[in-house]
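# Fold and contact review
Single-letter residue listing:
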Amino acid sequence: MAVDMVFGAAVMGTVGALIGWFMGESAMPVTGTLGIALGLVVGWLGGRRFLFSILIGTVLGGLLAWLVAGFEKISWGAGAGAAMGGFLGVQASMLLDLWAERGQASTPVDPKP
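Residues numbered from 1 in each chain as written. Predicted model: local features only at pLDDT ≥ 70, side-chain atom pairs only at ≥ 80, totals over all residues. Heavy atoms only, no water.

### Quick look at the layout of surface pockets
Roughly 190 Å³ of volume is contained in the largest pocket. For the largest pocket, the full set of lining residues is Met 12, Val 15, Leu 18, Ile 19, Phe 22, Ile 54, Thr 58, Ser 75, Ala 78, Gly 79, Ala 82 and Ala 83. Looking at the lining of the largest pocket, the elements with two or more residues in it are α1 (2–23), α3 (48–69) and α4 (74–105). (1 Å grid on protein atoms, 1.4 Å probe; cavity = no way out; pocket = protein on both sides within 12 Å on 5 of 7 lines; lining within 4 Å. Points joined across faces, edges and corners; volume = space filled by probe spheres on them. Helix = DSSP H or I, 4+ residues; strand = E, 2+ residues; numbered from the N terminus.)

Written out as structure tokens, the structure is:
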């Protein structure tokens, strides 16, 4: 659980700091601190899949923006990718949980004679 909390603080703290950078450098401490706090809570709740989806979305969004629009638009693409990655991660997590529940429900129970 501690590893998840540190991972969450790192991912969400970075996202918060980047949001603060866009808002103005004076907002970075506030948004970074809020991001770290949210990341600790998400990690404590066990949101590893959610955090990985944000991380993957950030990297892929930044890479796509770099390829399409150039170096100066990487941060915009990374932000959009993080948002889409988080959304898709939640949806994928719900589907995986649903499929796991269906697999358990379809397992026949042996009646005791």
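### Focus on helix α2 (residues 28–44)
Along its 17 residues, α2 runs 24 Å from first to last C-alpha, staying within 8% of the 24 Å computed at 1.5 Å per residue. Of all the positions in α2, only Thr 31, Gly 32, Gly 35, Gly 39, Val 42 and Gly 43 are classed as buried. Looking down the long axis of α2, one finds its buried residues gathered within 100° of arc, a one-sided arrangement. In this structure, α2 carries Pro 29, Val 30, Leu 34 and Trp 44 as exposed residues pointing more than 90 degrees from its buried face. The elements touched by buried residues of α2 are α1 and α3. Looking one or two residues past α2, Gly 46 carries a phi angle of roughly 85°, positive in sign. (Expected span 1.5 Å × (residues − 1). Buried < 20%, exposed > 50% of the residue type's maximum accessible area, 1.4 Å probe, protein only. Arc of directions from axis to C-beta. Contact = heavy atoms within 4.5 Å.)

### What to know about the pattern of salt bridges
Taken as a whole and assessed by the stated rule, the structure comprises two salt bridges. Of the charged contacts in the structure, one is a salt bridge between Asp 4 and Arg 48, with a shortest N-O distance of 2.6 Å. Placement of the pair is Asp 4 in helix α1 and Arg 48 in helix α3, with a sequence separation of 44 residues. On the basis of relative accessible area, Asp 4 is assigned to the buried category, the value being 11%. Using a relative accessible area of 43% as the deciding quantity, one classes Arg 48 as partly exposed. With its nearest N and O atoms 3.1 Å apart, the salt bridge here joins Asp 97 to Arg 49. With Asp 97 in helix α4 and Arg 49 in helix α3, this residue pair connects regions lying 48 residues apart in the sequence. For Arg 49, a relative accessible area of 42% puts it in the partly exposed group. (Salt bridge = Lys/Arg side-chain N within 4 Å of Asp/Glu carboxyl O.)

### Details of the packing of α1 against α3
Between α1 and α3, the shortest axis-to-axis distance is 10 Å and the interhelical angle comes to 30°. One element, α1, and the other, α3, form an angle in the roughly parallel class. Here α1 runs over α3; the crossing is left-handed. Counted together, Asp 4, Phe 7, Gly 8, Val 11 and Met 12 of α1 and Arg 48, Leu 51, Phe 52, Ile 54 and Leu 55 of α3 form the full contact between these two elements. Here the contact of α1 with α3 is built from residues that sort into seven nonpolar, one polar and two charged. (Axes fitted to C-alpha atoms, helices over the stretch in contact; angles between N-to-C directions. Parallel < 35°, antiparallel > 145°, perpendicular 65-115°, else oblique. Left-handed = near helix turned anticlockwise from the far one by under 90°. Nonpolar A, V, L, I, M, F, W, Y, C, P; charged D, E, K, R; others polar.)

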